[in-house]
Amino acid sequence: MLSRRDALFGSTLVALAAAAATAAPALAAATGDDVAALRHVKVDLVAPPFVHAHEQATAEAPKVVEFTMTIVEKEIVIDSDGTKMHAMTYDGWIPGPMMIVHEGDYLQLTLINPDTNTMPHNIDFHAATGALGGGELTLVAPGEQATLRFKATRPGVFVYHCAPPGMIPWHVTSGMNGVVMVMPRGGLTDRAGKKLHYDRVWYIGESDFYVPKDAKGAYKTYPSLGDAYEDVTKTMRGLIPSHVVFEGKVGALTGDHALTAKVGETVLIVHAQANRDTRPHIIGGHGDYVWETGKFDNPPQTGLETWFIRGGSAGAALYTFRQPGIYAYVNHNLIEATELGATAHFKVEGTWNDDLMKLVSAAGPIATH
Amino acid sequence: MSIPRHRVLLSSGLATVVAVGMLIGTPTMPPTDSTDLVILPPTTVTYRAAGDFSRDGSGVDAPVVAVTFERPLAVMRTQVSAAAYRACVAAKACDGPDDADEAPARDDLPAVGLSWRDATAYAAWLSRTTGHHYRLPTDAEWVRLAAEAHVEETAVAAADPRDPARRWLAAYAAESAKAAPIDRKPRPFGHFGTNSHGLADVAGNVWEWTDGCWSRHVDGAGAGPRETRNCGVRVVEGRHRGYVSDFVRDPRSGGCSVGTPPSNLGARLIRDDPDLTLPQRLAALVASILPTAALR
Ligand SMILES: [Cu+2]
């Protein structure tokens, strides 16, 4: 039985559909059949902070790029003290793997939720148009899979995340977020339209975790994901993270895991935070070209000191190393960087440039006159 | 499609035979269990099945199903009380809220903030302490016990595989049209009245867990019907049906996908193998002939 309201909705929709039909020539949208005829390419995903091989500029016709991700629920260790957290992940990684296509391509994802999991999950692509970014169409219970295709209509780096009804922040801050990068077909350019190239992409996924503590201040553990839900939700509501980390763990990108480059090499650092604001800074370096909001149709800002990543977005910074040594890459809320974990290290080899920096007089006793 | 609400079909031949059988059966011991139970007569309920249904890739309304109950059903007259649940916590058989040592729990208020796991643990404890078998109702049993308090899900719109938004918008309208959330404050038993079976507070401000699992039924061209079930998400029933993860105690998050979440989560249990008293058997017999008779 339709309510009056339903009936109203129904008739409105019919009217809209009629309008769309008369306007059809102007819309020129590809039909599903047209897309099926495009070239389909399967791409294997790569664990962050690295990304799958891709062209920066492309001369090819638009295609359908197919990815598959398996959702993994697992308990992980998130710091060197052995603090444990029940994580929910895309493909087992925090952040979820980066998917790269070109503007005008179609991204097609098969999302698998194995029956070994306990929760329904889905995916909301900030790069996609409609159906809550696909979240409305992709909710899969354990034992199910769904395949969604969307057209990459605007270039940039975009967050994706899980958005199950009623439990969105818990899933997002338990690890279910990642990045789609939509390259302009001609590659990156500066303000004047000059082409910009990178030697590699470093993909930094920043997470805020909310591990509950017991009365004595010790981090609590739980037998299962569901058992942790109530306490974690309470902790989340305090808005004070217990950990702020890159790549899912304090120290995931330092020491033996520090990222390496050579003087003269150019990296594109993509930084995503699906939930909370952050402010990346390269200690000892800069952002040569920074798409702070992450959208490549906007001209990059140049020569930045620190840039701002709004929660729920990704940004990109292009930097060419000019000096060897160790760089710290931090969230420049230094409490979060040093106390909560948001620090990565870059190890850069090459020849020191005295022009850029020279120690004129080494540290010693204060000179007397 | 429109179906008559709460149509009670008396497949009366069988029902009467069963009821008479109970009436003249061997005498049994009076219950050692002080739980206030109402015995519902055998009946058939017709309702829109729980779960998600799709055909050829697009969502469709759940089918209307008829379920026949050939046996009487023993149901708690009221929801599990705060005091009863607290006793289970005190016996360390149930997970308690952290405030277990605060104000004494009342026996005239429903226990709220129960997860499915909590409700199931309580049923197991009550079974052990009474020697009877208590459990959560199935979804169909809940529809049966709710009688006229069960509100049939609104049929939304025909599937259009070319336009998933159409059904989505219609479903949103249906959700939005549901009653506004009611005050969450637990009310004494009877505050929300009794239904035609004499059960108190059905579809009040405490939703009731069922044993029903979330399920999806896919009927695709060439593929035949397939079903997936996720028992990590259970069906809750009340003013409207919801699907809630089994560990959730506060339904304001984790409840119905849009619109109004359940106000509170609690439980009303079924007792199997009821040792019917003679008046209860008579009442069941009468009710099997007069389906609207309230049973005491
Ligand atoms: Cu999820």
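Residues numbered from 1 in each chain as written. Chains lettered and ligands numbered in written order. Predicted model: local features only at pLDDT ≥ 70, side-chain atom pairs only at ≥ 80, totals over all residues. Heavy atoms only, no water.

Notes on the overall build of chain A
When helices and strands are counted, chain A shows five helices and 21 strands. Expressed as a percentage of its 369 residues, the buried residues of chain A come to 51%. Restricting the contact set of chain A to residue pairs at least 6 apart, pairs at least 24 apart contribute 74%. Of the roughly 17,100 Å² of accessible surface on chain A, a fraction of 56% belongs to carbon and sulfur atoms. Charged side chains of chain A number 29 positive and 39 negative; the gap between the two group centres comes to 3 Å. (Helix = DSSP H or I, 4+ residues; strand = E, 2+ residues; numbered from the N terminus. Buried < 20%, exposed > 50% of the residue type's maximum accessible area, 1.4 Å probe, protein only. Contact = heavy atoms within 4.5 Å. Areas by Shrake-Rupley, 256 points an atom, 1.4 Å probe, with all protein chains shown as cover. Lys, Arg positive; Asp, Glu negative; His and termini not counted. Charge placed at Lys NZ, Arg CZ, Asp CG, Glu CD.)

Re the overall build of chain B
Assigned secondary structure in chain B consists of six helices and 13 strands. Taking all 296 residues of chain B together, the buried fraction comes to 48%. When contacts within chain B are restricted to residue pairs at least 6 apart in sequence, those whose partners lie at least 24 apart make up 73%.

Some points on the coordination of the copper ion
Residue and element names in this part refer to chain A. Distances from the copper ion to its protein donors, namely His121 (ND1), Cys162 (SG), His171 (ND1) and Met176 (SD), fall within the range 2.0 to 2.4 Å. Around the copper ion, the four donor atoms are arranged such that angles at the metal cover 87 to 128 degrees; this shape is classified as tetrahedral. Between consecutive donor residues of the copper ion, the sequence gaps follow H-x40-C-x8-H-x4-M. In this pair, Cys162 is assigned in the loop between strand S8 (156-161) and helix H3 (168-173) and Met176 in the loop between H3 and strand S9 (177-183), connecting sequence segments 14 residues apart. (Donors = N, O, S within 2.8 Å, 3.2 Å for Na, K, Ca; no water. Tetrahedral: all angles 85-135°; square planar, octahedral: opposite > 155°, others 65-115°.)

Some thoughts on the sheet that holds strand S8 (residues 134-135) of chain B
Residues and elements named next belong to chain B. Reading across the sheet, the four strands line up as S2-S7-S13-S8 and stay open at both edges, with antiparallel pairing between neighbours. Sheet topology places strand S2 (37-40) and S8 at the edges, where each strand pairs with a single neighbour. Of the pairings in the sheet, the one linking S2 to strand S7 (residues 73-76) comprises four bridges and is antiparallel in character. In the strand pairing of S7, Leu40 is matched with Leu73. (Pairing = 2+ DSSP bridges.)

Quick word on the domain arrangement of chain A
Residues and elements named next belong to chain A. Segmentation of chain A into domains returns domain 1 (4-184) and domain 2 (202-349). Once you take the C-alpha centre of each, domain 1 and domain 2 turn out to be 23 Å apart. Contacts between domain 1 and domain 2 engage 40 residues on the former and 41 residues on the latter. Summed over both partners, the interface of domain 1 with domain 2 comes to about 3,200 Å²; 73% of that surface belongs to carbon and sulfur atoms. In terms of surface lost to domain 2, no three residues of domain 1 exceed His86, Val157 and Trp170, which account for 21% of the buried area on that side. Between domain 1 and domain 2 we count zero salt bridges in total. (Domains from an automatic or database assignment. Buried area = accessible area lost by both parts, 1.4 Å probe. Salt bridge = Lys/Arg side-chain N within 4 Å of Asp/Glu carboxyl O.)

Thoughts on the pairing of S7(B)
Residue and element names in this part refer to chain B. Side chains Leu73 and Val75 of S7 all project onto a buried face; the interleaved residues Ala74 and Met76 project onto the opposite face, where all are buried too. Pairing analysis gives two bridges linking S7 to strand S13 (residues 270-271), with the strands arranged antiparallel. Opposite Ala74, over in S13, you have Arg271 as the bridge partner.

A word on the UniProt feature "domain: Plastocyanin-like" (unreviewed entry) in chain A
Feature annotation in UniProt places "domain: Plastocyanin-like" (unreviewed entry) on residues 77-185 and 202-351 of chain A, given in this structure's numbering. In the segment residues 77-185 of chain A, helix accounts for 6% and strand for 42%; the C-alpha atoms at its two ends are 40 Å apart. (UniProt positions renumbered as here; feature names shortened; annotations may be inferred.)

A look at the pattern of salt bridges
Under the criterion given, the structure shown has 29 salt bridges over all chains. Salt-bridge contacts for A:Asp105 lead to A:Arg185; the nearest nitrogen and oxygen are separated by 3.1 Å. With A:Asp105 in the loop between strand S4 (96-102) and strand S5 (106-113) and A:Arg185 in the loop between S9 and strand S10 (188-189), the pair connects residues that are 80 residues apart, well separated along the chain. By relative accessible area, which is 0% here, A:Asp105 ends up buried. Residue A:Arg185 is classed as partly exposed on the basis of its relative accessible area, which comes to 22%. Between B:Asp211 and B:Arg234 there is a salt bridge, with the nearest N and O atoms lying 3.4 Å from each other. Note that B:Asp211 is positioned in strand S9 (residues 207-220) and B:Arg234 in strand S10 (residues 224-237), a separation of 23 residues in sequence. Residue classification places B:Asp211 among the partly exposed positions, given a relative accessible area of 33%. When salt bridges that share partners are traced, they join A:Glu230, B:Asp95, B:Asp118 and B:Arg249 into one network.

Section: the side chain of A:Asn122
Residue and element names in this part refer to chain A. Following the sequence through the fold, Asn122 ends up in the loop between S5 and strand S6 (124-125). A distance of 2.9 Å separates a polar side-chain atom of Asn122 from the backbone oxygen of Gly135. Sequence-distant contacts of Asn122, that is, excluding residues within four places in its chain, are made with Tyr90, Leu111, Gly135, Thr138, Leu139, His161, Cys162, Ala163 and Pro164. (Polar contact = N/O pair within 3.5 Å; in protein donor to acceptor, adjacent residues only side chain to side chain.)

Structural notes on the environment of A:Met181
Residue and element names in this part refer to chain A. Structurally, Met181 can be placed in strand S9. On the basis of relative accessibility, which here comes to 0%, the residue Met181 falls in the buried class. Along the chain, Met181 and Pro280 lie 99 residues apart, while their C-alpha atoms are 19 Å from each other. Ignoring any residue separated from it by four or fewer positions in sequence, one finds Met181 in contact with His54, Met98, Met99, Ile100, Val101, Gly156, Val157, Tyr198, Val201, Leu268, Val270 and Phe296.

Overview of helix H2 (residues 82-90) of chain B
Residues and elements named next belong to chain B. Those residues of H2 that sit buried are Ala82, Tyr85, Cys88 and Val89. Viewed end-on, H2 has its buried residues packed into an arc of 120 degrees, placing them on one side of the element. Positive phi appears at Lys92, one or two residues downstream of H2, with a value of about 60 degrees. (Arc of directions from axis to C-beta.)

A look at the nonpolar core
In this structure, A:Met99, A:Phe125, A:Trp170 and B:Leu269 are the most contacted members of the largest nonpolar core, which totals 66 residues. When residues in this core are grouped by element, the largest group, six residues, is from helix H3 (residues 116-130) of chain B. Both of domain 1 (4-184) and domain 2 (202-349) of chain A provide at least three residues apiece to this core. Setting aside residues no more than four positions away along its own chain, A:Phe125 makes contact with A:Met99, A:Leu107, A:Leu109, A:Gly133, A:Leu148, A:Phe150, A:Val159, A:Tyr160 and A:Val180. (Core = buried A, V, L, I, M, F, W, Y, C linked by side-chain atoms within 4.5 Å.)

Remarks on the UniProt feature "binding site: Cu cation" (unreviewed entry) in chain A
Residue and element names in this part refer to chain A. Following the UniProt record, the feature "binding site: Cu cation" (unreviewed entry) maps to His121, His126, His161, Cys162, His171, Met176 and His332 here. These residues run over 212 residues, and the two farthest C-alpha atoms among them are 32.5 Å apart, placing them at more than one spot. Judged by its relative accessible area of 0%, Cys162 is buried. Within the secondary structure layout, His171 lies in helix H3.

A word on unusual backbone geometry
Across the junction of A:Pro48 and A:Pro49, the peptide omega takes the value 15 degrees, indicating a cis bond. Tracing the chain through its elements places A:Pro49 in the loop between strand S1 (40-42) and strand S2 (64-77). Backbone torsion omega between A:Ile94 and A:Pro95 reads 0 degrees, so that peptide bond is classified as cis. One can find A:Pro95 in the loop between strand S3 (84-90) and S4. One non-glycine residue, A:Leu132, lies in positive phi territory at about 55 degrees. By the secondary structure assignment, A:Leu132 is in the loop between S6 and strand S7 (144-151). On the accessibility criterion, A:Leu132 (53% relative accessible area) is exposed. The phi angle at B:Ala147 is positive, at roughly 50 degrees, despite the residue not being glycine.

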